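Now for the letters of each chain:
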Amino acid sequence: QINHYFILPPLCLPKSRSFPRFRPVSATPQMFAPRAAHGLSANIRNDVFLGRRRALQGRALLKVSNVWKSKRPSLRNPRRCCTVRADAASELEDGQIEGIDGYGAISTKPATPLLDTVNFPAHLKSFTVEQLKQVAKELRADLIYNVSQTGGHLGSSLGVVELTVALNYVFDQPNDRIIWDVGHQAYPHKMLTGRRDRMNTMRQTNGLSPFTKRSESPFDCFGAGHSSTSISAGLGMAVARDMQGKSNHVIAVIGDGAITGGMAYEAMNNAGYLDTNMIIILNDNQQVSLPTQYNSLNQDPVGALSSTFARLQSSKPLRELRESAKAITKQMPVPVQEVTAKVDEYARGMISGSGSTLFEELGLYYIGTVDGHNLQDLVAILEEVKSTRSVGPVLIHIVTEKGRGYSYAEAAQDKYHGVSTFDVASGKQKKSSSSIPTYTQVFADALIGEAACDENVVAVHAAMGGGTGLNHFEKFFADRTFDVGIAEQHAVTFSAGLAVEGLKPMCTIYSTFLQRGFDQVVHDVALQKLPVRFAMDRAGLVGEDGPTHAGAYDVAFMACLPDMVVMAPMNEAELCHMIATSISIDDRPSCFRYPRGSGVGLDMLADGVESLQPGYKGKILEIGKGIILREGTDVCIIGYGACANRCLEAADILVELGVSVTVADARFCKPLDTALIRQLATNHGALITVEDGSIGGFASHVLQFLALDGLLDDGLKVRPLTLPDRPVEHGSLTDQLSEAGLSTSHIASTALSILGQKQEALKVLSP
């Protein structure tokens, strides 16, 4: 029961267009009273904020105290404290079950008798709370088993099992709109919305997408492969609903670090201004996609906005005290740092500046924090919020544990964020049989080598330390590694600021995610000719992750910028050389792209890469110069980036068919090696460019030069091979290359076709 209210006078704000009037929120003790059927007894912090602090008329309900008795789950200490052994098993606490919660260390498909009766959300409506709990247990076990067979994003989905069951029980999809942000949390959502029988096709060719996808199901109302978009999309849907006179609910579930993206705050600010009814569920799992930690303190990874979500800590005495204490404790042993971090957490509660929350200040009706694994409470709260005619947006702040219910995920540092196939009983992931290092690993080692030689080299990434390899770099240069959260725009301009002061920032962002910071690349870097280096991982097609994560557009949007040096290596040795080259460029920005997966497997020393202890050291390339890999007379194939390797393979096929082939490795898209292009165009009657990027990339620059130089006037035949002008769906990389027309056989077929050998061209494509 609600015991008492804190009533505060209205805030005094100027009457202007910037501060529109809002209707005061009225609340009663019955609004959040428990239903008899559910017996509300949430594991929630003593002070649960329910009010909107911006109400301007009368009195505003700000805070309800002692609503629920138990404390909020700690944000610094997980529910279970585990460490990981080398064999991937976990050190378990007394009484903790190894393996899947409720099933143990099983190795076979789990029994799910109740879940087997649920095909769509409507089938949950008649269940009791106890039955819903059983569904959640079976759903979690079935999810673990399915992902063990396909690989994918596991940890974040395990954390939202109870929330997913509660949402599907309370709301009426697809009429009610539920947006999952980030979309990789939506595996349980897919399983409860008619797709459970296809979970074994996840991430495979013609199978289920690993993210929400509108064309896949009417229950996926908005696609979300990136992050921080749900509140904006949900607000748009809610406004459209009101304009059309509808009454459905709109729910934006934002979590796994997505709240750290600035777009989420832009949307909340607008939502508070518009005062449109919608529900925002903040899934705070103390992670920012992958584990994140501050460089100044060797503390456990903390996520989202850590415990500052509970209160705004703006008190000047607190800030001064904390800064003084941090300067001292950084010099102390790690255990002492952990203790002082905990003291700091409690100190913030003692010296709170205002007692209000950030969300209240933005105009949202705040409820929290709530135990996201207490299904009974989630159902009760969601039902009350659904049935109450509220005014304006409501934010429910839940705390969950990433990897919940699977001991090996709970014990792992990354909480099994993204996994390959694995053995359910032991938690051991199946390792790649290849001994060749990945491009990402080579990048990290090469950057370590550069940083060892130059103290001005620093690394920046956007909550992707594991994916970019910079967690490895951080082991050697912790004070030169900056994780800015899921905030690519900030990462770019932050890097620009570092460059202004003479440092050499390597801004390391997946190609697909750099799209989010393009304006900053243009305005804050390129126009000012600041020497920021952009390392664009996951360039080209990325296989199972599909079009949301494919690096299709970076060549087009980076090479169109004045003064930008744009490079792409054909192998891991050239990657080391291009890292060294970018570090040496200090008068303009530069970038290089490299693919997902293993390298070619070169003798690095033979290819001019020096092995340091630690790291690699490449040599500086001549800017704007490509190389000829093999010479012929009939046709020339110019490869950009890793595609050059398939060009060589195609040349081998063509030579067997009696075709003499020249193959060139362009290396640079900008500045283009015009002398090389002129030489190749003059000496051959046919020229083919190959790149795993969109239209408007490398081929466009080559054709622009050929046209302006008059090299097309005498009958030169040119065929540009690029990604098709449509998304290439998820699947194996081999299938994707074939679909895109960029496989080895397609390159060879194109060469035969341009030479007029049509029949041979068709035969090459035959299996």
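Details of the structure are given in the entry above.
The shown structure was predicted, so the numbers you read here are calculated from the model rather than taken from an experiment.

Undergrad: Looking at this structure, I do not really get the overall build of the chain. What am I missing?
TA: What the chain contains, in helices and strands, is 25 helices and 24 strands. Relative to its 767 residues, the chain shows a buried fraction of 57%. When the accessible area of the chain is evaluated, it comes to approximately 30,700 Å², of which 52% is carbon and sulfur surface.

Undergrad: Sorry if this is basic, but what is going on with the pattern of salt bridges here?
TA: A full pass over the atoms with the stated rule returns 30 salt bridges. In this structure, the salt-bridge partner of R593 is D692, at a minimum N-O distance of 2.9 Å. Residue R593 is located in strand β16 (residues 590-593), and its partner D692 is located in the loop between β23 (686-690) and α22 (698-708); the two are separated by 99 residues in the primary sequence. The buried category is assigned to R593, whose relative accessible area is 5%.

Undergrad: Explain the packing of helix α1 (residues 129-150) against helix α4 (residues 187-195) to me, please; I cannot follow it from the model alone.
TA: Helices that pack against each other are described as a pair by the angle of their axes relative to one another and the distance between those axes. At a closest axis distance of 10 Å, the pairing of α1 and α4 adopts a crossing angle of 110°. Taken as axis vectors, α1 and α4 run roughly perpendicular relative to one another. Only Y187, P188, M191 and L192 of α4 make contact with α1, whose side of the interface consists of L139, D142, L143, N146 and V147. Tallied by class, residues from the contact of α1 with α4 come to seven nonpolar, one polar and one charged.

Undergrad: When you look at the environment of L654 in this model, what are you seeing that I'm missing?
TA: With respect to the helices and strands, L654 occurs in helix α20 (residues 643-656). Distance from L654 to V635, taken between C-alpha atoms, is 9.9 Å for residues 19 residues apart in sequence. Leaving out residues up to four positions away in the same chain, L654 has contacts with I637, V659, V661, A748, A751 and L752.

Undergrad: Any chance you could explain the nonpolar core here in plain terms?
TA: Nonpolar side chains in soluble globular proteins tend to be buried together. Grouped together as the largest cluster of nonpolar side chains are 60 residues, with contacts concentrated most on L154, L167, I281, I396 and Y406. Ranked by residue count, the leading element in this core is α1, at nine residues. Residues M464, C507, I509 and M536 belong to the second largest nonpolar core, which totals 51 residues.

Undergrad: Would you mind showing me how to read the sheet that holds strand β15 (residues 565-567) here?
TA: The strands making up a sheet are joined through hydrogen bonds of the backbone, oriented either antiparallel or parallel. Read from one edge to the other, the open sheet built from seven strands follows the order β12-β11-β13-β14-β16-β15-β22, with strand pairing classed as mixed. Each edge of the sheet is formed by a strand with only one pairing partner; in this case those strands are β12 (481-483) and β22 (668-670). Ignoring which end each strand starts from, the neighbouring axes of this sheet average 20° apart. Each of β11 (457-461), β13 (504-508), β14 (533-536) and β16 is contacted by helix α12 (residues 439-453), which is oriented at about 145° to β11, the strand it contacts most. In the packing of helix α15 (residues 488-500) onto the sheet, contacts are made with β11, β12, β13 and β14, and the angle to β13 comes to roughly 170°.

Undergrad: For this particular structure, what's the right way to read the pairing of strand β5 (residues 177-181)?
TA: Summarising burial for β5: four of the five residues are buried, a large majority. Note: β5 against strand β6 (residues 250-255), five bridges, orientation parallel. Bridge pairing in β6 links I179 to A252.

Undergrad: It is not clear to me how helix α17 (residues 518-526) should be interpreted in this structure. Could you clarify?
TA: The α-helix advances 3.6 residues per turn, and as a result positions three or four apart in sequence lie on the same side. For α17, the complete set of buried residues consists of Q520, V521, D524, V525 and A526. Looking down the long axis of α17, one finds its buried residues gathered within 155° of arc, a one-sided arrangement.

Undergrad: For this particular structure, what's the right way to read unusual backbone geometry?
TA: Both trends apply: most residues other than glycine have a negative phi, and most peptide bonds are in trans. A cis amide bond links Q173 to the next residue, P174, at an omega of 0°. The amide bond that connects D181 to the next residue, V182, takes the cis arrangement and shows omega of 10°. Within the element layout of this structure, V182 appears in the loop between β5 and α4. Here the phi dihedral of D275 falls at roughly 60°; this positive angle occurs in a residue that is not glycine. Here D275 is to be found in the loop between α6 (262-274) and β7 (279-284). D275 sits in the buried class, given a relative accessible area of 12%. In this structure, A463 is a non-glycine residue whose phi angle is positive, near 60°. Along the polypeptide, A463 turns up in the loop between β11 and α13 (465-468).

Undergrad: Please clarify how the packing of aromatic side chains should be interpreted in this entry.
TA: Describing an aromatic ring pair means giving the distance of the ring centres and the angle of the ring planes. As enumerated under the stated definition, the model contains 14 aromatic pairs in all. Between Y406 and F422 the ring centres are 5.9 Å apart and the planes differ by 40°, which places this aromatic pair in the tilted class. Note that Y406 is positioned in the loop between β9 (394-399) and α11 (407-411) and F422 in the loop between β10 (418-419) and α12, a separation of 16 residues in sequence. No difference in accessibility class separates Y406 from F422, as the two residues are buried. On the basis of an interplanar angle of 5° and a centroid distance of 5.4 Å, the ring pair of Y510 and F513 is categorised as stacked. Each member of the pair, Y510 together with F513, is buried. Members of the aromatic cluster, each reached through a chain of ring pairs, are Y406, Y408, Y416 and F422.

Undergrad: What exactly am I supposed to notice about the pairing of β6 here?
TA: The element β6 is extensively covered by neighbouring structure, given that six of its six residues are classed as buried. A two-sided burial pattern is seen for β6, the buried positions comprising V250, A252 and I254 on one face and I251, V253 and G255 on the other. Two elements, β6 and β7, share five bridges in a ladder whose sense is parallel. Across the sheet, I254 pairs through a bridge with L282, a residue of β7. Each parallel crossover has a hand, and for β6 linked through α6 to β7 it is right-handed.

Undergrad: Looking at this structure, I do not really get the side chain of T581. What am I missing?
TA: Residue placement: T581 occurs in helix α19 (residues 572-584). For T581, a relative accessible area of 0% corresponds to the buried category. Not counting chain neighbours up to four residues away, the residues in contact with T581 comprise M567, K619, I620, L621 and I623.

Undergrad: I keep staring at the packing of α1 against helix α3 (residues 161-170) and nothing clicks. Help me out?
TA: Where α1 meets α3, the axes come as close as 9 Å, and the angle between the chain directions of the two elements is 130°. Taken together, the axes of α1 and α3 lie oblique to each other. The two elements α1 and α3 cross, and the hand of that crossing is right-handed. Within the contact between the two elements, α1 uses L132, V135, A136, L139 and R140 and α3 uses V161, E162, V165 and Y169. Class assignment for the residues of the contact of α1 with α3 results in seven nonpolar, no polar and two charged.

Undergrad: Would you mind going over the sheet that holds β7 with me for this structure?
TA: On the basis of which strands lie adjacent, the open sheet formed by five strands has the order β5-β6-β7-β9-β8 and parallel pairing. Of all the strands in the sheet, the pair left with one neighbour each is β5 and β8 (365-371). Across this sheet, the average inter-strand angle for adjacent strands is 15°, counted without regard to direction. Where β8 and β9 come together, six bridges link them in parallel fashion. Bridge pairing in β9 links V370 to I398. Sheet strands in contact with helix α10 (residues 375-387) are β7, β8 and β9, and its direction is about 175° off that of β9.

Undergrad: Just to check I follow, could you spell out the side chain of E574 for this structure?
TA: Relative to the assigned elements, E574 resides in helix α19. Once you skip the residues sitting within four places of it in the chain, E574 turns out to touch A568, P569, I627, D665 and R667.

What counts and what doesn't
Residues numbered from 1 in each chain as written. Predicted model: local features only at pLDDT ≥ 70, side-chain atom pairs only at ≥ 80, totals over all residues. Heavy atoms only, no water. Helix = DSSP H or I, 4+ residues; strand = E, 2+ residues; numbered from the N terminus. Buried < 20%, exposed > 50% of the residue type's maximum accessible area, 1.4 Å probe, protein only. Areas by Shrake-Rupley, 256 points an atom, 1.4 Å probe, with all protein chains shown as cover. Salt bridge = Lys/Arg side-chain N within 4 Å of Asp/Glu carboxyl O. Axes fitted to C-alpha atoms, helices over the stretch in contact; angles between N-to-C directions. Parallel < 35°, antiparallel > 145°, perpendicular 65-115°, else oblique. Contact = heavy atoms within 4.5 Å. Nonpolar A, V, L, I, M, F, W, Y, C, P; charged D, E, K, R; others polar. Core = buried A, V, L, I, M, F, W, Y, C linked by side-chain atoms within 4.5 Å. Pairing = 2+ DSSP bridges. Arc of directions from axis to C-beta. Phe/Tyr/Trp six-rings, centres within 6.5 Å; stacked < 30°, edge-to-face > 60°. Right-handed = clockwise from strand over helix to strand, strands pointing away. Left-handed = near helix turned anticlockwise from the far one by under 90°.

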